[in-house]
Amino acid sequence: MSAPTTAPVQPVEVPPPPAPTVGSHLRDYLARVGGGDMGALPAVLGLIVLCAVFAILRPNFMTEGNFANLFTQGAAVMLIAMGLVFVLLLGEIDLSAGFASGVCAAVLAQLVTLKGYPWYVAVAAALVTGVVIGLVIGFLVAKIGIPSFVVTLAAFLAFQGIVLLLIKGGTNVSVRDDVLVAISNRNMPPWLGSTLMLLGVAGYAAVQLLRHRNRTALGLITEPLAVVLIRIVSLTLIAGTAVSILNLERSRNQLVSLKGVPIVVPIIVILLIIWTFVLQRTAYGRHVYAVGGNREAARRAGINVDRIRISVFVICSFMAAIGGIVAASRASSVDANTGGSKVLLYAVGAAVIGGTSLFGGKGRIVDAVLGGAVIAVIDNGMGLLGRSSGFTFVVTGLVLLLAASVDALSRRRAAATGNR
Amino acid sequence: MSATPLLELRGIDKSFGPVQVLRNVDLTVNPGEVTALVGDNGAGKSTLVKCISGIYSSDGGEVLFDGRPVHIGGPRDAAALGIEVVYQDLALCDNLDIVQNMFLGREKRSGLVLDEPTMEQMAAETLAGLSVRTVKSLRQHVSSLSGGQRQTVAIAKAVLWNSRVVILDEPTAALGVAQTAQVLELVRRLADNGLAVVLISHNMNDVFAVSDQIAMLYLGQMVAQLKTSDVTHAQVVELITAGRSGGLGLAGDNGNGNGKRDTQTTETTTSAGADA
Ligand SMILES: Nc1ncnc2c1ncn2[C@@H]1O[C@H](COP(=O)(O)OP(=O)(O)OP(=O)(O)O)[C@@H](O)[C@H]1O
Ligand SMILES: [Mg+2]
């Protein structure tokens, strides 16, 4: 690294742009949205509308018990979608993520149930399986040059077969290990949920305020403090409300108590924080965006494009493994359908509905969580309405199509207004 | 003229499959000078640049930097030597902002984390140094910039580092009159600050306005490298389009063309008579 030769020529005084105010910040945001950069807006609006509709049609949609269900139902899809965001950021696709999660879950069940290994060995083996799958897919895509669509379509078929082989045909391998079952089926004691929530919110506030102070001290243009505070307060309100609801008693049975934040929730939140950090704050994340935005430019900037391309498939399959473990935990078993049927499409749908572009270069990890929430709400709400799964598929398909149209249209709009 | 050129190419060959795009190309680039590289469409100018910057590996020939032979195996090698390129097909990522583009591949970090404030400050200083006043925010996506602004970002990216050689491939091709003048002025200032600048352009007025030397490529062969003050407009055009002009340039088919050799230290005639 060399020192900068700043100002090889006589500097000309540049009038500093006016400091942003809350008003100008809002105007900038609206201009961005108008210019096609909608971010999380469609997902958030969709979530509100869907919740309102289901709440009106089915009052029991808005119960504490059902609220908790949404998290455990949506968890696996959200986790797989987080990994898919990386792949989609490069403009690639991983169609095998669903069955990769099935394979990893089958490995887990094999080891823990049939071979009697302790849960952590089985979990480690499942995660390693995910990494190996990702390495193979990434190698075939980046080094051999087969389009990811084809490689992962082949893997989709093959993994389906591997799941069948691993669980010996149509049988169903149950997962009884207490720790594994707890992941999707147990809750944290209310005090622990509240404490973790407060710690998380405090950490977020500290990071945001420190950054604001740091930038102001350096004389850089900074968003107004009020905007930072609004963000912190909103997060506190949302997280606080969610945890309070989850801490309410939701058992219909007087004898057993059922309350607290499901254990999968902190797992999702921690992975959300880790991957967001990786994408937004590290050079690696920057390079993922760069390769997705302009592969040739990234190459000329000295970025090892092949390595980045392989790595996103590794991350994707790794997250699929975690999704598979969570799914196995929820069902307390693994069968030929684990990770199959709608899992993959739901996961891709979650990322796209959340705002990740299918064209590459644009997306965030939180998209997977927001979009996953939309999908979970549809799936759950349709179930409560007593609709057949056929009907649910049709509706989910339409929502995915809608999200993809928003993606495509906002790209066109952005191209027209020069925003992207 | 300085004793050793900063960058010297000797006998560079490059083929794409059966098509030989560069044949035995020589080029010398001196610090403090603008060396114009001219040639018709498809003459091989961009290919030559990509060989220098390590995007393509050349099939043969030598690269000397500061008099020492060097091997440039990739963009990072070139950057480590202090060679920066502004490509004809601008290599910017539309989905990244100005600062992110300027530091792409060479991000400043503190520990594991990107050091955004430092990068933003350095980018701001560099752009101010180039008298760039038209960008609204350093944090706007490059896609929202005009052609000239993008060009300026690309040039700022090249001078941000302690670069010693800056190669610009048709930096003004897409620009209007005012912005072209600005970029040319910028090119001149880079050389006046002691950098070695290679400027590729099809516009002879621009070439004659800012360059100290002109190197002419014709169908992948370097026909001549001459002092700008020693050639006329018409001669350069003839050399580019026909490969020879009077006694200058390629030898004639019947081998009589070695003619008058130029008296420059940097004079370069070619692989004449490859077909003799
Ligand atoms: N990647 C490639 N594969 C095969 N042939 C190529 C490749 N790149 C360039 N060429 C060929 O090499 C020749 C030189 O191309 P190059 O882009 O270097 O020309 P140029 O002098 O920069 O032209 P221009 O003035 O139009 O930019 C052309 O005939 C072109 O078709
Ligand atoms: Mg060219």
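Residues numbered from 1 in each chain as written. Chains lettered and ligands numbered in written order. Predicted model: local features only at pLDDT ≥ 70, side-chain atom pairs only at ≥ 80, totals over all residues. Heavy atoms only, no water.

All names here are of chain B. Burial analysis of strand 11 (residues 213-218) places six of its six residues in the buried class, which makes it a mostly covered element. Burial along strand 11 is two-sided: Gln213, Ala215 and Leu217 and Ile214, Met216 and Tyr218, pointing in opposite directions, are all buried. Both strand 3 (residues 34-39) and strand 11 contribute to a ladder of five bridges, which runs parallel. Looking across to strand 11, one finds that Val38 is bridged to Met216. Count of turn residues in the strand 11/strand 12 (residues 221-227) antiparallel hairpin: two residues, of which Leu219 carries a positive phi of about 45°. (Buried < 20%, exposed > 50% of the residue type's maximum accessible area, 1.4 Å probe, protein only. Helix = DSSP H or I, 4+ residues; strand = E, 2+ residues; numbered from the N terminus. Pairing = 2+ DSSP bridges.)

Once that is clear, we can look at helix 2 (residues 41-57) of chain A. Residues and elements named next belong to chain A. Taking 1.5 Å of rise per residue, the 17 residues of helix 2 would be expected to cover 24 Å, and the 24 Å separating its terminal C-alpha atoms lies within 8% of that figure. Along helix 2, the residues classified as buried are Ala43, Leu47, Cys51 and Phe54. Seen along its axis, helix 2 keeps its buried residues to an arc of 75°; they face one direction. When the buried face of helix 2 is taken as reference, the exposed residues oriented beyond 90 degrees from it are Ile48, Val49 and Ile56. Contact partners of the buried residues in helix 2: helix 14 (343-354) and helix 15 (365-384). (Expected span 1.5 Å × (residues − 1). Arc of directions from axis to C-beta. Contact = heavy atoms within 4.5 Å.)

A separate point is the confidence of the model for chain A. Close inspection of predicted coordinates is inappropriate for parts of the model with low pLDDT. On average, chain A scores 87 in pLDDT, and the residues at 70 or more come to 93%. In the model, residues 1-14 of chain A has pLDDT below 50 throughout and makes 37 contacts with residues more than four positions away in sequence or in other chains. (pLDDT = per-residue confidence, 0-100.)

Residues and elements named next belong to chain A. Once the domains are mapped, chain A shows domain 1 (84-186 + 262-333) and domain 2 (341-408). Between domain 1 and domain 2, the contact holds 21 residues from the first and 19 residues from the second. Summed over both partners, the interface of domain 1 with domain 2 comes to about 1,400 Å²; 79% of that surface belongs to carbon and sulfur atoms. Considering only the surface of domain 1 that becomes buried against domain 2, Val85, Leu88 and Leu272 emerge as the three largest contributors, covering 37% of it. In terms of residue class, the side of domain 1 that touches domain 2 is made up of 14 nonpolar, six polar and one charged. (Domains from an automatic or database assignment. Buried area = accessible area lost by both parts, 1.4 Å probe. Nonpolar A, V, L, I, M, F, W, Y, C, P; charged D, E, K, R; others polar.)

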